[in-house]
Amino acid sequence: MPFSLTPSHIIAHLYCPRFTYFEHVLRIPQYEDRHYKVNRGRQVHQQKAIQNSGYLRRRLGVQGKLLNPYLTNDLLRGEVDEVLFLSAEEYAPLDYKFAQFKDRVYGTYKTQLYCYAHLIESNFQKKVSKGFLVYTRSQHRLVEVPIHRRHIDKVKKDAADICDLLAKNHYPKATPYKKRCVTCTYRNICTR
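About the criteria used
Residues numbered from 1 in each chain as written. Predicted model: local features only at pLDDT ≥ 70, side-chain atom pairs only at ≥ 80, totals over all residues. Heavy atoms only, no water. Pairing = 2+ DSSP bridges. Helix = DSSP H or I, 4+ residues; strand = E, 2+ residues; numbered from the N terminus. Axes fitted to C-alpha atoms, helices over the stretch in contact; angles between N-to-C directions. Left-handed = near helix turned anticlockwise from the far one by under 90°. Contact = heavy atoms within 4.5 Å. Nonpolar A, V, L, I, M, F, W, Y, C, P; charged D, E, K, R; others polar. Phe/Tyr/Trp six-rings, centres within 6.5 Å; stacked < 30°, edge-to-face > 60°.

The next thing to look at is the pairing of strand 4 (residues 82–85). Pairing between strand 1 (residues 64–67) and strand 4: 4 bridges, direction antiparallel. What sits directly across from Leu66, in strand 4, is Val83. Looking at chain direction, strand 4 and strand 5 (residues 91–97) are connected through 4 bridges and run antiparallel. Counted as the bridge partner of Phe85 is Tyr91 from strand 5. Here strand 4 folds back onto strand 5, and the loop between the two strands holds 5 residues.

Turning our eyes to something else, we now look at the packing of helix 1 (residues 7–15) against helix 4 (residues 107–124). Viewed as axis vectors pointing N to C, helix 1 and helix 4 meet at an angle of 140°, and their least axial separation amounts to 9 Å. Here helix 1 runs over helix 4; the crossing is right-handed. Only Thr108, Thr111, Gln112, Cys115 and Tyr116 of helix 4 make contact with helix 1, whose side of the interface consists of Pro7, Ile10, Ile11 and Leu14. When its residues are assigned to classes, the contact of helix 1 with helix 4 shows 6 nonpolar, 3 polar and no charged.

For the rest of this paragraph, the subject is the packing of aromatic side chains. Counted according to the given criterion, the structure contains 11 aromatic pairs. Look at Phe22 and Tyr171: their rings are 6.2 Å apart centre to centre, the planes differ by 70°, and that puts the pair in the edge-to-face class. Pair noted here: Phe22 is in helix 2 (residues 17–25) and Tyr171 is in the segment after helix 5 (149–168), with a separation of 149 residues, a long-range link. Each ring, one from Tyr109 and one from Tyr135, has its centre 6.0 Å from the other, and the planes form 55°; the classification is tilted.

What follows is the structure in structure tokens.
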């Protein structure tokens, strides 16, 4: 891999491959730090790291945890909010979301957990079969997300697609979902 990817890179690429092109080929930043939800989410993560340092989710069978480990492998890098030790052989990622739970888990949240699952498996050599999301704006509702081998394989394929785009510097097709273009930071320079 000529480029170290984060879950955010993969999520942005799946949203629209042109994000990858504009940000990493043309090097036009999207200035996401100007967005309220991004900044508020970062604050929530910092607060949870302090407040939950000794808290174990016993009803899930959590035996221990790591807070905010920065993990890397030959494909990805990223900081996981919590790595939960479910047993001697099984670990799980837990991620806090500054969001409300609306009876479904968004694909972006799942993809992030799949990336973390791959990082956990490669760093700890432990099985990961599920992950957890905590929705801070829904009274800290905890939602379990199943993780299968096909999910991790898809993360690897998506990462390979990103690296191929970067290596070849080609202008990819835009997302077929035109509603995504309305709030895109690159809408003024993108030729649909």
